[in-house]
Amino acid sequence: MQRTATLRTLLALLLLAQVVFAAPRLQDAAGPPRQVERFVGLEVKGIVVDGERRYTEERLRAALGIAVGDRLTLEEVEEGIEYLWSLFQVRAEVDGRDVDGGVELRLVVTELPADLEPRFIGNDGVKLDKILEWAELEDHRELFLHQVARVTARVLDGYHREGYYFAEVQPVIRELREGDDPDAPGDVIFEIIEGPQVHVKKVVIHGNQSLPDRGFWFWADGLRAQSKLELKGPSLFDWSGKEFVEETLRADLLAMRTVYRDHGYLNAVVELDRLEFSEDRSGVVVHVAVDEGQPFVVTSVEVQAFSRRPHPDGDRWRPLEDPAELVYDEQALLDELSLRPGKVYTTPLVRADHAALRDFYGKDGYIEHPSLGPKYSWAWLEPELIYDLERAEVKVIYRVAQGRPVRIREIKVNGATHTKDAVIRREISVDPGELADMKEIRASLRRLTSSGYFTDERNRLEHRDPTFRFIPTDQEGLVDIEFAVEEGRVVDFQIAGGVDSNDGLFGIVSLSMRNFDITDLPSSFWGAFGEVYRKEAFHGAGQTLLIEVSPGSQYDRSRIRFVEPDIFGLQRKRVALDVELSQYDRLYEDYDEKRTGRKVRFGYTLGFNTNVWVGINNQDVLIDNVDGDVNLTDPALLSLAAQVGSTSLIGLTLDLDHRDTDTAFNPHDGRVVSWDNEFSTHTLGSNWEYWKSTLTWDEYVPVGSSTEEVRPGIRVALGGGITLPYGRSDFVPYTERFFLGGYSTVRGFRFRGVGPNADVSGTPLGGESMVRASLEYRHPIYSITRPGSYEKVEMLRFHVFTDAGVLGPAYDNLDFDETRMSAGFGFGLMYPFPIVFNFGWPVRDGEFDRHQVFSFSLAFR
């Protein structure tokens, strides 16, 4: 029986080999016979088809591509024969005969053996649809016999990618018997022995003494974490462990070798030691052996210069490199480097040296950018390393293509279909005639991005953020720089709702236009909506218009705000106007507060990121419905008692703000600083006289490897304030005191839950002075790639934090022994709508403080 099966298998393989090797010969032999040549140029009067079986004459004639009435050419005949093979896998020959007025062609086809519906058996763990996808037969089931070997390899590769390490795929072709029709369809059966799906139970690394594994989760470090191994054992979110795939194993081994080389172990060996399978072969322990060797120490560092020129065979070839003289003294360059003799050769030091030399050259117009081309662009070439393997030493020769210094001839803007040119150019800090300065060019690009005019936070995957490129000119040493932008989502009409642990349930109806133009009226009333949506009306001047109505269970808000950032069209040294009307209605636990505000400010631009503002602020405040448990006779609550009813707060304002971030929303890098001052005085009609000053500083610092698309980050938030009465007032109004607690200040405490508090009712007393600080580490959990690029977009993040804050009952009485502290963690969904969950626990609290472990902010749009 076994012998018979073996013979059948051999016969099947012989038949398969015959088909595989014969098919190319059949097609090579096919072609226009010589007889056709003598008919070239004659009119085709008819086409006769012989030999067809599975395909109709009409389909074969159409595939040949020659129509009755055409003048015959050899090129059409050859193309038709090739197309018939590619489309139907048929051997074709064309000849002809003379007829009145032209030629009648005869198309003779020989159809290769095929299985119209190949079968797969034994696929218990994988569905047939998936196998057909692997075999590339999902769109058709017809299988020509010469394709069997390729299909077998594809299916087997698919099984291996799914972790079926022991899978086997054996094609069986039915033998032709005596009396069978030689043109009958073939019969192919793929016999599959799947075996178990193998999962990784553990990856054991032997010999990684210099990079031991330590820590866990986001704080893990060592060889395993730095290599970002794909093969992993069971975890909290994957109880079975990763599927064992040899291709993934090879990639992991390469990643570990790369990590060692990055750390200076240039001759480290990382290889598979053994695979230890479980008894049922469904699990495997992967043993990896590491021979670290010694870290290579630098003996000397040199810098060599080259000039580049285009390859004579075209741009697809690497530019040619010719030795050149250094523009600067070599010692001046060496002084800029971090890698020095005696240090271990590591990739981070090499990257730092790359940046140092790039910036050193860049200050004098030697720019590194691919759009400049090899003639002008400064470029970092692969360093030359001369090894001494016995001593584990290396001589380093840095190689740079110096390019040529370039000046800016013209600054162009592309893609701003509706935004005024001046709005863009006021953010650009380089001018025509200047040496190109990459630091300022990048800063300009950063400002264009963070303006929000050319971004779309709701469609980050499809929208292109601003970019730039250099355009060579016909003038030596002069280039144009082009900033490419795409009009962003600047018109937001929202009907939104959400829940907030500080403000409760809320709804929002708002119209926000960030790149507004009050003078750009629509052409007609009926077409206004469409023109605004297409950015053809009320768009392009860089103004801001906000109209918002937000009813809620605890907090109602409505406001109208208009900002003109450049009243006189000065571009650089701008004068701005900010007008706002607002009304707030807040239900606190101890009283209700209604506030109507009117504010006018004039601003002046200092540089590109800083503004100073002066103005007047007029607020009418109504305090009523004071809770019966609140003792208004308590001396600590005199400011609240004195403010019950209606009061008017009118004062002058002096503010300063600075913003330099990578994006307008959810920044990862940069800082935001704000210093606000208000002087309320009876002279202007205020019922109270006081001065209030508040300073906040938010710093965003990316950490981790600079090669990561979405990097972890640290946010440091600092805040401080002081308010004090003067003139006819003995104390500061209660509503203008400082309060702490809630997700935006000190998490782990309820909104306004940080003391001091009244002894009986627990009413927060607030403070005339305040200091707060927050340190937050943010780690991206899940990111996706923006379509059409390699750029990653953060979707979900995890963060840990610690908050602290203290309130001083009086402006000169800030006792840091009363500091409250908390710590916790949280999760945030960054896209497509913001959700932030925080879990905080007080580490240090005070009497009558109100705690809140869970806080959140959630909004749907």
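Residues numbered from 1 in each chain as written. Predicted model: local features only at pLDDT ≥ 70, side-chain atom pairs only at ≥ 80, totals over all residues. Heavy atoms only, no water.

Turning to the overall build of the chain, a few remarks are in order. The secondary structure content of the chain amounts to 15 helices and 36 strands. Carbon and sulfur atoms form 54% of the exposed surface of the chain, whose accessible area is close to 43,800 Å². (Helix = DSSP H or I, 4+ residues; strand = E, 2+ residues; numbered from the N terminus. Areas by Shrake-Rupley, 256 points an atom, 1.4 Å probe, with all protein chains shown as cover.)

To continue, consider the sheet that holds strand 7 (residues 168-173). Here three strands make up an open sheet; going across it, the order is 5-8-7 and the pairing mixed. Both outer strands of the open sheet, strand 5 (119-121) and strand 7, are each paired with one neighbouring strand and no more. Geometrically, the sheet is characterised by an average inter-axis angle of 20° between neighbouring strands, direction not taken into account. Inspection of the sheet shows strand 7 paired to strand 8 (residues 188-193) by six bridges, in the antiparallel sense. (Pairing = 2+ DSSP bridges. Axes fitted to C-alpha atoms, helices over the stretch in contact; angles between N-to-C directions.)

Moving on, we come to the packing of aromatic side chains. If you walk through the whole model with that rule in mind, you get 34 aromatic pairs. Each ring, one from Tyr-734 and one from Phe-739, has its centre 5.5 Å from the other, and the planes form 65°; the classification is edge-to-face. No difference in accessibility class separates Tyr-734 from Phe-739, as the two residues are buried. An aromatic cluster of three or more residues is present, and its members are Phe-798, Phe-825, Phe-827, Phe-837, Phe-839, Trp-841 and Phe-854. If you follow Lys-363 out to its NZ or CZ, it ends over the ring of Phe-360, 4.5 Å from the centre. (Phe/Tyr/Trp six-rings, centres within 6.5 Å; stacked < 30°, edge-to-face > 60°. Buried < 20%, exposed > 50% of the residue type's maximum accessible area, 1.4 Å probe, protein only. Lys NZ or Arg CZ within 6 Å of the ring centre and 35° of its normal.)

Right, let's talk about the sheet that holds strand 18 (residues 478-484) for a bit. Consider a sheet: its strands pair through backbone hydrogen bonds, and that pairing is either parallel or antiparallel. On the basis of which strands lie adjacent, the open sheet formed by three strands has the order 16-18-17 and mixed pairing. On the outer flanks of this sheet lie strand 16 (407-414) and strand 17 (467-472), each paired with one strand and no other. Shown here is a sheet whose adjacent strand axes are inclined to one another by a mean of 25°, direction ignored. As judged from the seven bridges shared by strand 16 and strand 18, these two strands associate in the parallel manner. Note that in strand 18 the partner of Ile-411 across the bridge is Ile-481. Here helix 13 (residues 438-450) sits on the sheet in contact with strand 17 and strand 18, set at roughly 135° to strand 17. (Contact = heavy atoms within 4.5 Å.)

Here we take up helix 6 (residues 148-161). For an α-helix the count is 3.6 residues per turn, leaving residues at separations of three or four pointing the same way. In a regular helix each residue adds 1.5 Å, so 14 residues correspond to 20 Å; helix 6 covers 20 Å between its end C-alpha atoms and thus fits that length. Every buried residue of helix 6 is accounted for by Val-148, Val-151, Thr-152, Val-155, Gly-158 and Tyr-159. All buried residues of helix 6 fall inside an arc of 130° around its axis, so they share one side. Directly after helix 6, the chain includes Gly-163, whose backbone phi takes a positive value near 95°. (Expected span 1.5 Å × (residues − 1). Arc of directions from axis to C-beta.)

What follows deals with the packing of helix 3 (residues 57-64) against helix 4 (residues 74-88). Relative orientation of the contacting elements helix 3 and helix 4 amounts to 125°, with a least axis distance of 7 Å. Classified by the angle their axes make, helix 3 and helix 4 are oblique. For the pair formed by helix 3 and helix 4, the contact residues are Arg-59, Leu-60, Ala-63 and Leu-64 on the first element and Glu-76, Gly-80, Ile-81, Tyr-83, Leu-84, Leu-87 and Phe-88 on the second. Tallied by class, residues from the contact of helix 3 with helix 4 come to eight nonpolar, one polar and two charged. (Parallel < 35°, antiparallel > 145°, perpendicular 65-115°, else oblique. Nonpolar A, V, L, I, M, F, W, Y, C, P; charged D, E, K, R; others polar.)

Glancing now at a negative patch on the surface. A contiguous patch of negative charge on the surface is contributed by Glu-75, Glu-78, Glu-79 and Glu-82. Among the secondary structure elements, Glu-79 is positioned in helix 4. (Patch = residues over 30% accessible without salt bridge, like charges linked within 9 Å, V, L, I, M, F, W, Y side chains within 5 Å. Salt bridge = Lys/Arg side-chain N within 4 Å of Asp/Glu carboxyl O. Lys, Arg positive; Asp, Glu negative; His and termini not counted. Charge placed at Lys NZ, Arg CZ, Asp CG, Glu CD.)

Once that is clear, we can look at unusual backbone geometry. Cis geometry is found at the peptide bond from Gly-755 to Pro-756, where omega equals 20°. Checked against the element boundaries, Pro-756 lands in the loop between strand 30 (748-749) and strand 31 (769-785). Phi is positive for Lys-228, which is not a glycine, with a value near 55°. Within the element layout of this structure, Lys-228 appears in the loop between helix 7 (223-227) and helix 8 (246-262). On the basis of relative accessible area, Lys-228 is assigned to the exposed category, the value being 54%. In this structure, Asn-625 is a non-glycine residue whose phi angle is positive, near 55°. Along the chain, Asn-625 turns up in the loop between strand 25 (610-624) and helix 15 (638-643).

Overall, the coordinates contain 48 salt bridges when judged by the stated rule. For the salt bridge of Arg-91 with Glu-93, the shortest nitrogen-to-oxygen distance reads 2.4 Å. Taking relative accessible area as the criterion, Glu-93 reaches 29% and is therefore assigned partly exposed. Among the salt bridges present, the one from Asp-431 reaches Arg-572, with a minimum N-O distance of 2.9 Å.

A few words now on the side chain of Glu-580. Mapped onto the secondary structure, Glu-580 falls in strand 23 (residues 575-587). Overall, Glu-580 belongs to the buried group, its relative accessible area being 12%.

A separate point is helix 3. Turning to helix 3, its buried residues are Leu-60, Ala-63 and Leu-64. All buried residues of helix 3 fall inside an arc of 105° around its axis, so they share one side. Facing away from the buried side of helix 3, by more than 90 degrees, are the exposed residues Glu-58 and Ala-62. Looking at the packing, one finds that the buried side of helix 3 touches strand 1 (44-50), helix 4, strand 2 (90-99) and strand 3 (102-111).

For the rest of this paragraph, the subject is the pairing of strand 25. Sheet analysis places strand 24 (residues 592-606) next to strand 25, joined by 15 bridges and oriented antiparallel. Its bridge partner lying in strand 25, Arg-598 is registered against Asn-618. Between the antiparallel neighbours strand 24 and strand 25 lie three residues, among them Gly-607 with a positive phi of about 75°. Alignment of strand 25 against strand 26 (residues 645-661), held across 14 bridges, turns out to be antiparallel. Opposite Val-621, over in strand 26, you have Thr-647 as the bridge partner.

Among the structural elements, Val-103 can be located in strand 3. Residues Val-103 and Val-44, 59 residues apart in the sequence, show an inter-C-alpha distance of 5.2 Å. In this view, Val-103 contacts Phe-39, Leu-42, Glu-43, Val-44, Lys-45, Gly-46, Gly-96 and Arg-97; residues no more than four positions away in its chain are not counted.

Remember, this is a structural readout, not a statement about activity or role.
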